Amino acid sequence: MAPYPFAIVGTGWRSEFFLRIAASLPERFAVTGLVSRSAEKRDAYAKAWGIPTFASIDEMAERADARFAVVSVPRAVVVDQIEALAARNMPILAETPPAEDMAGLDRVAALVAAGARVEVAEQYFLQPSHAARLAFIASGRIGTPSYAHVAVAHGYHGTSLIRKYLGVGFENATISARAVELPIVRSPDRYRPPATLEIVPSAQTIASFDFGDRIGLFDFTGDQYHGWIRSPRLTIRGERGEISGDEIRYLIDQRSPMFLRFERRDTGHFANLEDYRHDGILAGAEWVYRNPYAEARFSDDEIAVAACLDGMKTYVETGRSFYSFAEAAQDHYLALTMDEAARRGAPITTTTQSWSHPVAT
């Protein structure tokens, strides 16, 4: 089959993820156009990636063969770009978050209600380690999760993982939060390590999400992303067992505990001559995750972004969502409410929003 064509609007940091993935998987995907208002950036991207570039969405829509468009622009203008694409009836894969604030979320919700096709490229739950845990939870062996402690990612990424691990839809929550600053040696940024040793403040948010019958704990400092001395932590508990990091404990019956670990298999290590790639994740003798892009040398985040592209392809062809605007809006709403609860120093209970689906009782 021919590679699936898509366009990119914007030249944000995330744009290059989609470009790298398409270049590494040319049999699956093809970038058939990139939109940038900057002539300098258009020239640079055309030379670096060998792709057509356009000065406007209208020009791209008329001249590029694209089945959908990825929107990767600053938060302040993302809704404007979604509106322009929706006016062209172009399916949209928006980067996270799909709006800067509640007013923007309401604008996109109105577009979706009017028929705009909008999915969101939330990748964290599609990363191999999270996908493996979610698959194991879906088997029922730890029971129904009622507690999730997520110290993995910031804001809407963290709230997305809390919802996924707890099986929460659009139920309301009472949110308590606190923001603190603690000292740390300056961490690397996206591009390079620090030039000198310097003690700086590290912002940390700790919050609880009380959904009534399920509790989520959010705990994150931005140094976990690029720093070497702050690690992610994750615990999910059900009535029959728990997952803590890579360790699994569950009961076969009331007298028979089982202890397993998630074991990652990456080839190309030591004397293995299979070339370097991520193969998958095992729990005991069972594959709970297999990498669908094992032929490419992708990081876990790139694997997850590639899965977003495949999810969008399926959505365009069948209408089956992989991560809808409604889910993304709910996760961002929870994160915004968490930040507000931290500023107020008092709990806030969320309310049902325009994008919320009815919750079964």
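Scroll up for the structure.
Just so it is clear, the model here is predicted, and its values are computed rather than measured. (Residues numbered from 1 in each chain as written. Predicted model: local features only at pLDDT ≥ 70, side-chain atom pairs only at ≥ 80, totals over all residues. Heavy atoms only, no water.)

**Q** Whenever I open this one, the pairing of strand β16 (residues 286-290) confuses me. Can you help?
**A** Sheet topology note: the strand β15 (residues 277-283)/β16 ladder contains 4 bridges and is antiparallel. Of the residues in β16, the one forming a bridge with G280 is R290. Where β15 folds back onto β16 in an antiparallel hairpin, the turn is made up of 2 residues, including G284, whose phi is positive at roughly 65 degrees. (Pairing = 2+ DSSP bridges. Helix = DSSP H or I, 4+ residues; strand = E, 2+ residues; numbered from the N terminus.)

**Q** For this particular structure, what's the right way to read the pairing of strand β10 (residues 215-221)?
**A** Looking along a regular strand, one sees side chains alternate from face to face of the sheet. Counting buried residues along β10, 5 of its 7 residues qualify, which places the element largely inside the surrounding structure. Of the strand pairs in this sheet, strand β7 (residues 145-151) and β10 are connected by 4 bridges, and their pairing is parallel. Looking across to β10, one finds that A148 is bridged to G216. Sheet topology places strand β9 (residues 199-210) next to β10; 7 bridges connect them, and they run antiparallel. (Buried < 20%, exposed > 50% of the residue type's maximum accessible area, 1.4 Å probe, protein only.)

**Q** For this particular structure, what's the right way to read the packing of aromatic side chains?
**A** Each aromatic ring pair is characterised by the separation of its centres together with the angle its planes make. Applying the stated criterion across every chain, the model contains 11 aromatic pairs. Ring centres of W13 and F17 lie 5.1 Å apart, and the angle between their planes is 70 degrees; this geometry places the pair in the edge-to-face category. Here W13 falls in the partly exposed class, since its relative accessible area comes to 32%. Members of the aromatic cluster, connected to one another through ring pairs, are Y4, F6, F29 and F68. Across the ring face of F17, the terminal group of R14 is positioned such that the distance to the ring centre comes to 4.1 Å. In this structure, R67 packs its charged tip against the face of Y4, placed 5.4 Å from the ring centre. (Phe/Tyr/Trp six-rings, centres within 6.5 Å; stacked < 30°, edge-to-face > 60°. Lys NZ or Arg CZ within 6 Å of the ring centre and 35° of its normal.)

**Q** I'm lost on a nonpolar patch on the surface in this one. Help?
**A** Together, V185, L197, I199, W228 and I229 make up a nonpolar patch on the protein surface, roughly 610 Å² of accessible area in all. Within the secondary structure, V185 sits in strand β8 (residues 174-185). (Patch = residues over 30% accessible without salt bridge, like charges linked within 9 Å, V, L, I, M, F, W, Y side chains within 5 Å. Areas by Shrake-Rupley, 256 points an atom, 1.4 Å probe, with all protein chains shown as cover. Salt bridge = Lys/Arg side-chain N within 4 Å of Asp/Glu carboxyl O.)

**Q** Looking at this structure, how should I read the sheet that holds β7?
**A** Sheets are built from strands that pair by backbone hydrogen bonding, the pairs being arranged parallel or antiparallel. Strand order across the open sheet formed by 11 strands is β16-β15-β14-β13-β12-β11-β7-β10-β9-β8-β17, with mixed pairing between neighbours. Only two strands of the sheet have a single partner each, and these edge strands are β16 and β17 (348-349). Against the sheet, helix α7 (residues 155-166) contacts β7, β9, β10 and β11 (233-238), and its axis sits at roughly 155 degrees relative to β7. (Contact = heavy atoms within 4.5 Å. Axes fitted to C-alpha atoms, helices over the stretch in contact; angles between N-to-C directions.)

**Q** Even after reading the chapter, I still don't get the pattern of salt bridges, so can you show me in this structure?
**A** When their charged atoms lie close together, side chains carrying opposite charge are able to pair. The tally for this structure, following the rule as stated, stands at 32 salt bridges. Between R63 and E59 there is a salt bridge, with the nearest N and O atoms lying 2.7 Å from each other. Of this pair, R63 and E59 both sit in helix α3 (residues 57-63), 4 residues apart, which is roughly one turn of that helix. One salt bridge connects E327 with R163, and the closest N-O pair in it is separated by 3.2 Å. Here R163 lies in helix α7 and E327 lies in helix α10 (residues 325-344), a separation of 164 residues in the sequence. This pair shows no difference in class: E327 is buried, exactly as R163 is. Via salt bridges that share partners, R265, E274, R277, D279 and R290 belong to a single interconnected network.

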